[in-house]
Amino acid sequence: MLLISWNVAGLSTTLNRIDKDYSSSSNATVQAAPKRSRSHAFAHFLKLHGDPDILCIQEHKIPLHQLSSRSEPFGCADLDGYESFWSCCVDKSRKGFNGVVTFVKRGMVQGANVRPLECDVLDDQGRTVLTDHGNFVVFNVYVPASCGMPLSYKMKFLNALRRAIKGQKGKKVILVGDLNISHTGIDVHWSYRSIPVNDLIHHGGDHVFKEGKDDEGNVWKLQVSQHWEMIQNALSTMEAIPITTKNVATGSTFQKYRARVTVKKLDLEKKVFLGGYESCVERCLSCFNFEEVTYYDEDLERECIARESNVVPLDTLAELMSKIAGIEWDVSTIRTISNSVANLKKSSPPAKWLSDVLKEDGMVDAFRHLFPNAEGRYTCWNQQTNCRFENIGTRIDYTIVDEALIQFLDNNGSQKLRCCHFSDETKNFGSEEAALHAAVASGLFQGASFEGGGIATATQRALETQFGESHTGIIYTAPQYSDHVAVSLLLNEKFDEAYISRSLALQGKDTKLAQPHKRQQSISVFFSCSTGSVNSSVMRSSSAKRKDVSKSQNLQKKNKGTIVEHFSKKMK
């Protein structure tokens, strides 16, 4: 069984781009067909990716009314050979956001539930689809991002999700999707790792940082300790300065904000800008606010620490040391810092949640099980700053399986990660260099121009690099499709024999709710039915017609009625 999960960041846009790239190449495969599906290019695209049995998509962003009226892009609810199950955001405050959909080969699914968390506040946002496959279930989820929703909401969602997973008695569980969690330090680029400054200053760092073999490896610790008070004094003067930016390609201007502080040295003062351009004042100032952050956990009914005070991202700390303290750290020093044991960001509540699921609930991160030491293997990048093309990203998309299913993991007999054209005598496919080759298709994928115009359109040669043997791992889809790449799970034939039935029938009210595209007839079906009614009336006998006319005339004499009443009665 092949399962693919992908955050498309807007299915309509992704389908448009796939259609442009593959509609012509898919024509040859459908020439003999009397009628071609509108989603034929997407179907062809999936076949090139191994023809997955289950496809889980996050952030489709398609509103419910488009599905019920059958006006969804490319008629994608009817993908050839698949049943589809849709969770759409019906929260009025989040319209146009979120949404997850699961496509399953017909006969492999017996039910679905788009409200499995049993909480309107959570289920209304369209973040979860549960599909029932008889002997196992699949949770397709889009977990709230910490920067988009309060942490209290995110933890409420995660706690409800964990309860729902535990509630699947007698069935094996597969959890996939965008969890918006970087589990450990190896799942984030080294520049994103964080330094607990308070531990360094107050405790000398002995129990937090690995001591270097010589003093040179620890000079940076002394530098931070000596200059942190100066940095804090400067940050106390921080203000958000409005700055107008311009898109050189379109001429459009935008109001942005940038943080500025006053640095005092002896009797001199200077103004220094920090960070990048942000869209609002709050975001601008929050980037350099290192106060303790708490949230209220409704399940525990108490305040919990979300982030301890003075836990500073490494790249931010390097900037503060440079611009305020006047101390430059070279790349070698920064890498030394990032690689220090226990020097990674302190476990956040979401990361702890994932650790608990893996340790206490008998679940396994399939990718890390196969590739525990693979570096630089990310699934999401900030494409506004071309981060994918330097492979500065995070791994936040997962395939997590019941530990009983680990024995069925299949990588087509190969433990190699996809690395595009990377070649190395050591065959170290878990290296950062190999990961960079994979992310940028060995240089074939190109980023956005600084002159604007968006991400460069990939050549056909570049597009072909995303395809390969089905496997458990990461599928490096083209950057113009989404800021995420897909992840995959391949289970072997023994799993198919033990767990899969291909003759299941859909059942249940929850399943009907998950298929809004089937709840209302299309306009063509409506007129087809109308035509059928007309044809049947024409076939009636002339005597029956005369009786109908007579009844109608008598009824009109008794009660002429309004035009509204007339059509109301006709509809009845």
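Above this note sits the structure.
Treat the numbers as computed from the prediction; the structure is a model and nothing was measured.

Undergrad: How should I be thinking about the side chain of Thr511 in this particular structure?
TA: When you line up the elements, Thr511 lands in helix H16 (residues 509-513). Relative accessible area serves as the criterion here: at 4%, Thr511 is assigned to the buried category. Setting aside residues up to four positions removed in sequence, Thr511 forms contacts with Phe85, Gln110, Gly111, Ala112 and Leu506.

Undergrad: Can you help me understand the sheet that holds strand E3 (residues 82-87) in this one?
TA: Strand-to-strand pairing in sheets goes through backbone hydrogen bonds, with the strands running parallel or antiparallel. Strand order in the open sheet formed by six strands is E3-E4-E2-E1-E21-E20, with mixed pairing between adjacent strands. Since the sheet does not close on itself, it has two edges, and those belong to E3 and strand E20 (473-475), each with one partner. Across the sheet, the mean angle separating the axes of adjacent strands is 20 degrees when strand polarity is ignored. Alignment of strand E1 (residues 2-7) against strand E2 (residues 54-58), held across five bridges, turns out to be parallel. Bridging from a neighbouring strand, Leu3 pairs with Ile54 of E2.

Undergrad: Honestly, the sheet that holds strand E10 (residues 239-246) in this entry has me stumped. Any pointers?
TA: The sheet built from three strands is open, its strands ordered E10-E11-E12 with antiparallel pairing. The strands lining the two open edges of the sheet, one partner per strand, are E10 and strand E12 (268-278). Strand-to-strand twist across the sheet, computed as the mean angle between neighbouring axes with direction ignored, equals 35 degrees. As paired elements, E10 and strand E11 (residues 253-265) share eight bridges and run antiparallel to each other. Paired with Thr245 across the two strands is Phe254, which belongs to E11. Set on the sheet, helix H7 (residues 219-235) makes contact with E11 and E12; between it and E11 the angle comes to about 135 degrees. On top of the sheet, helix H9 (residues 314-325) reaches E11 and E12; it is set at about 150 degrees to E12, its chief contact.

Undergrad: Just to check I follow, could you spell out the pairing of strand E14 (residues 302-307) for this structure?
TA: The side chains of a regular strand alternate between the sheet's two faces. Here five bridges tie strand E13 (residues 293-297) to E14, and the two strands are oriented antiparallel to one another. Looking at the pairing, Thr294 lines up with Ile305 of E14.

Undergrad: Where do I start with helix H5 (residues 151-166) in this structure?
TA: Because an α-helix packs 3.6 residues into every turn, residues spaced three or four apart end up facing the same way. Over its 16 residues, H5 extends 22 Å from the first C-alpha to the last, a length consistent with the 22 Å expected when each residue adds 1.5 Å. Among the 16 residues that make up H5, twelve are buried, leaving the element largely enclosed by the rest of the structure. Residues of H5 that are buried include every one of Leu151, Tyr153, Lys154, Met155, Phe157, Leu158, Asn159, Ala160, Leu161, Arg162, Ala164 and Ile165, and no others.

Undergrad: Looking at this structure, how should I read the pattern of salt bridges?
TA: Any two side chains of opposite charge can pair, so long as their charged atoms come close to each other. Per the counting criterion, the structure on display carries 25 salt bridges. Measuring nitrogen to oxygen at the nearest pair gives 2.9 Å for the salt bridge that ties Asp78 to Arg70. The shortest N-O distance in the salt bridge between Glu360 and Arg162 comes to 3.0 Å. Residue Glu360 is found in helix H11 (residues 349-360), and its partner Arg162 is found in helix H5; the two are separated by 198 residues along the sequence. Looking at Glu360, the relative accessible area reads 56%, which means it is exposed. Relative accessible area serves as the criterion here: at 16%, Arg162 is assigned to the buried category. Overlapping salt bridges bring together Arg162, Lys166, Glu360 and Asp361 as one network.

The rules behind these values
Residues numbered from 1 in each chain as written. Predicted model: local features only at pLDDT ≥ 70, side-chain atom pairs only at ≥ 80, totals over all residues. Heavy atoms only, no water. Helix = DSSP H or I, 4+ residues; strand = E, 2+ residues; numbered from the N terminus. Buried < 20%, exposed > 50% of the residue type's maximum accessible area, 1.4 Å probe, protein only. Contact = heavy atoms within 4.5 Å. Pairing = 2+ DSSP bridges. Axes fitted to C-alpha atoms, helices over the stretch in contact; angles between N-to-C directions. Expected span 1.5 Å × (residues − 1). Salt bridge = Lys/Arg side-chain N within 4 Å of Asp/Glu carboxyl O.

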